[in-house]
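# Structural overview for review
What follows is the residue order along each chain.
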Amino acid sequence: MAKKNPTTGAAMLAKWRESLNLSQREACEILNLDPSTYCNIEGGKIAPGMKRAARIEAGTKGRVPIAAWAPRAA
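### What about the packing of helix α1 (residues 9-19) against helix α2 (residues 24-31)?
Where α1 contacts α2, the two axes come as close as 10 Å, and the packing angle between them is 105°. Judged by the inter-axis angle, α1 sits roughly perpendicular to α2. Residue-level inspection shows Leu13, Trp16 and Arg17 of α1 in contact with α2, the latter providing Gln24, Ala27, Ile30 and Leu31.

Rendered as structure tokens:
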């Protein structure tokens, strides 16, 4: 069974990290995020604010865009 493309910011962030074989600690260093904050964002427990979302977009070279954190219509 093929993996689905991630559509949420958290899933996209995890896919980015895994595609580069990074640990969560390495990813948070690249993105300049506190490790516990990074873990909560990747785990989908919290969504980043605009500043953090912009930092994530820049740090992932656009692979996790700001728009990925927008609420989805039901």
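### Details of the pattern of salt bridges
Counting across every chain of the model gives two salt bridges. The partner of Glu18 in a salt bridge is Arg17, with the nearest N and O atoms 3.9 Å apart. Using a relative accessible area of 46% as the deciding quantity, one classes Glu18 as partly exposed. Residue Arg17 is classed as buried on the basis of its relative accessible area of 12%. Linking Arg17 and Glu42 is a salt bridge whose minimum nitrogen-to-oxygen distance equals 2.8 Å. Here Glu42 lies in helix α3 (residues 35-42) and Arg17 lies in helix α1, a separation of 25 residues in the sequence. In this structure, a network of salt bridges that share partners links the residues Arg17, Glu18 and Glu42.

Calculation criteria
Residues numbered from 1 in each chain as written. Predicted model: local features only at pLDDT ≥ 70, side-chain atom pairs only at ≥ 80, totals over all residues. Heavy atoms only, no water. Axes fitted to C-alpha atoms, helices over the stretch in contact; angles between N-to-C directions. Helix = DSSP H or I, 4+ residues; strand = E, 2+ residues; numbered from the N terminus. Parallel < 35°, antiparallel > 145°, perpendicular 65-115°, else oblique. Contact = heavy atoms within 4.5 Å. Salt bridge = Lys/Arg side-chain N within 4 Å of Asp/Glu carboxyl O. Buried < 20%, exposed > 50% of the residue type's maximum accessible area, 1.4 Å probe, protein only.

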